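Tertiary structure, described
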Amino acid sequence: MKQIAIFASGSGSNFQALVDSVQNGSLQASVKLLVCDQPNAFVMERAKAAGIPIFAFRAKDYKGKEEFEKEIIVELQRREVDFIVLAGYMRLIGPTLLRQFPKRIINIHPSLLPAFPGKDAIGQALEGGVKYTGVTIHFVDEGMDTGPIIEQEVVRISSGETRGSLQDKIQHIEHELYPRTLNHLFLTNGYLMQ
Ligand code: GAR
């Protein structure tokens with residue numbers, strides 16, 4: 001059974017979906033740790049409620065990314081974590097973590113990459129006037145939302161779509177797609193990982 005750490009910065013609805021899926025057996029994994037870079041984020045309440053240990057930090061308390069990533073690695077190794085799952089972690093992963101977890105860091109992004117990488121992908125799609133956007137799950141590399149794609153799902157943008165309604169549609173898909181895709185990845189021991 002794979003041991004995972006989830007990294008998040010915000011409300012943590014994806015974190016919750018993953019934890020729920022582990023609890024109901026549809027995601028065969030064990031959540032060993034939440035790593036959170038925003039000490040007031042609601043995801044911390046979710047982790048506490050689920051009894052999942054938390055490593056919280058503030059980037060500004062460190063000299064640089066390498067310093068806090070080294071501390072994160074100590075926490076991950078102590079808990080024998082196999083995979084890092086990013087769920088709304090709004091920070092670029094640095095070379096220190098990437099070297100330690102090659103092809104073992106996965107991200108979810110609210111667009112059909114390579115369209116609309118980076119911040120506010122939902123706003124970018126609305127602004128761009130596209131008819132379709134979606135969700136992408138991919139391996140993390142050194143770029144911004146550039147790593148090999150594992151799975152995608154399309155979302156249609158209706159006329160009169162608002163930011164809120166589009167976000168709801170995308171998150172609804174994310175909450176089902178992320179656990180299902182991770183479960184498949186873990187069971188097949190990482191198809192696409194060579
Ligand atoms: C999710 O929609 C996720 O796809 C997005 O942040 C949201 C977090 O929501 N991630 C990115 O934009 C990464 N570039 P949540 O905190 O409710 O899970």
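Residues numbered from 1 in each chain as written. Predicted model: local features only at pLDDT ≥ 70, side-chain atom pairs only at ≥ 80, totals over all residues. Heavy atoms only, no water.

All right, on to the overall build of the protein then. Along the protein, the regular secondary structure elements total 6 helices and 7 strands. Element order for the protein, N to C, with α for helix and β for strand: β-α-β-α-β-α-β-α-β-α-β-β-α. The C-alpha atoms of the protein give 16 Å as radius of gyration, which agrees with the globular expectation for 194 residues (16 Å, within 12%). Each principal axis of the C-alpha distribution contributes one length, and for the protein these read about 50 × 40 × 35 Å. Counting contacts in the protein only where the partners sit at least 6 residues apart, residues at least 24 apart contribute 63% of the total. Summing over all exposed atoms, the protein offers an accessible surface of approximately 9,500 Å²; the carbon and sulfur share of this is 50%. (Helix = DSSP H or I, 4+ residues; strand = E, 2+ residues; numbered from the N terminus. Rg over C-alpha atoms; globule rule 2.2 N^0.38 Å. Contact = heavy atoms within 4.5 Å. Areas by Shrake-Rupley, 256 points an atom, 1.4 Å probe, with all protein chains shown as cover.)

Let us now look at the side chain of Ser 21. One can find Ser 21 in helix H1 (residues 13-23). Take Ser 21: its relative accessible area is 8%, and that puts it in the buried class. At 2.7 Å, the side chain of Ser 21 forms a polar contact with the backbone oxygen of Ala 17. If we ignore the near neighbours within four places in the chain, the residues touching Ser 21 are Ser 26, Leu 27 and Pro 179. (Buried < 20%, exposed > 50% of the residue type's maximum accessible area, 1.4 Å probe, protein only. Polar contact = N/O pair within 3.5 Å; in protein donor to acceptor, adjacent residues only side chain to side chain.)

We now examine the site of the ligand. With respect to spatial proximity, the complete set of residues near the ligand consists of Ser 11, Gly 12, Ser 13, Asn 14, Gly 88, Met 90, Ile 108, His 109, Pro 110, Gln 171 and Glu 174. Contact between the ligand and Ser 11: an oxygen atom at 3.2 Å from a side-chain N or O atom of the residue. In the model, an oxygen atom of the ligand is placed 2.9 Å from a nitrogen or oxygen of the Asn 14 main chain. The fraction of the free accessible surface of the ligand (450 Å²) that becomes covered by protein chains is 88%. When contributions to the shell around the ligand are tallied by element, the ones reaching two or more residues are H1, strand S5 (105-109) and helix H6 (163-187). Taken together, the residues of the shell around the ligand break down into 3 nonpolar, 7 polar and 1 charged. (Near = heavy atom within 4 Å. Nonpolar A, V, L, I, M, F, W, Y, C, P; charged D, E, K, R; others polar.)

Here the focus is the UniProt feature "site: Raises pKa of active site His" (unreviewed entry) in the protein. Taken from the UniProt record, the annotation "site: Raises pKa of active site His" (unreviewed entry) applies to Asp 145. Note on Asp 145: relative accessible area 14%, which makes it buried. The residues touching Asp 145, leaving out its near neighbours within four places in the chain, are Asn 107, His 109, Leu 113, Pro 117, Gly 118 and His 138. A polar atom in the side chain of Asp 145 sits 3.5 Å from the side chain of His 109. (UniProt positions renumbered as here; feature names shortened; annotations may be inferred.)

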